[in-house]
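So you can see what is in the structure, the chains are spelled out below.
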Amino acid sequence: MKEFKYVITDEVGIHARPAGLLVKAAKGFGSTVMICKGEKSAKATSLTKLMGLGVVKGDEVTVQVEGADEDAACAALEEFFKANF
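Presented here is an overview of the structure given in this document. (Residues numbered from 1 in each chain as written. Predicted model: local features only at pLDDT ≥ 70, side-chain atom pairs only at ≥ 80, totals over all residues. Heavy atoms only, no water.)

### Describing the pattern of salt bridges
Within this structure, the stated rule accounts for four salt bridges. Lys2 is paired through a salt bridge with Asp71; the nearest N and O atoms lie 3.3 Å apart. Of this pair, Lys2 sits in strand E1 (residues 2-7) while Asp71 is found in helix H3 (residues 70-84), placing the two residues 69 residues apart along the sequence. The partner of Glu11 in a salt bridge is Lys57, with the nearest N and O atoms 2.7 Å apart. Pair noted here: Glu11 is in the loop between E1 and helix H1 (16-27) and Lys57 is in the loop between helix H2 (47-52) and strand E4 (60-66), with a separation of 46 residues, a long-range link. Judged by its relative accessible area of 62%, Glu11 is exposed. Classification of Lys57 by relative accessible area gives partly exposed; the value is 44%. (Salt bridge = Lys/Arg side-chain N within 4 Å of Asp/Glu carboxyl O. Helix = DSSP H or I, 4+ residues; strand = E, 2+ residues; numbered from the N terminus. Buried < 20%, exposed > 50% of the residue type's maximum accessible area, 1.4 Å probe, protein only.)

So, in structure tokens, the structure goes:
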């Protein structure tokens, strides 16, 4: 399993538009992608679960990637977070 931590810098946190893009990006990989905030976690392929995490500016999330293409997925998703959140 690969993982990285990221502090959200977007003024409104993880909101609908970029969360939808994140779902599409996560579905492009064979690996399972989980977004964790504190004790809560959600699969990155579920928009409603992602929104349910209530991630706001300043929150630290952990992105966990596990599967056959985890190296590529983790690197791509880290770049995605830097560009969108």
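### Side note on the packing of aromatic side chains
If you walk through the whole model with that rule in mind, you get five aromatic pairs. Measuring from centroid to centroid gives 6.4 Å for Phe80 and Phe81, while their planes differ by 75 degrees, and the two rings are edge-to-face. A ring pair is formed by Phe81 and Phe85, whose centres lie 5.0 Å apart and whose planes are at 50 degrees; its orientation type is tilted. Per residue, the accessibility class of Phe81 equals that of Phe85, and both read buried. (Phe/Tyr/Trp six-rings, centres within 6.5 Å; stacked < 30°, edge-to-face > 60°.)

### Quick notes on H1
Taking 1.5 Å of rise per residue, twelve residues should cover 16 Å, and H1 covers 16 Å from first to last C-alpha, within 8% of that figure. Listing the buried residues of H1 in full gives Pro18, Ala19, Leu22, Val23 and Ala26. Projected down its long axis, H1 shows its buried positions confined to an angular sector of 150 degrees, all on one face. Turned more than 90 degrees from where H1 packs its buried face, Arg17, Lys24 and Lys27 sit exposed. Structurally, H1 contributes buried residues whose contacts are with strand E2 (32-37), H2 and H3. (Expected span 1.5 Å × (residues − 1). Arc of directions from axis to C-beta. Contact = heavy atoms within 4.5 Å.)

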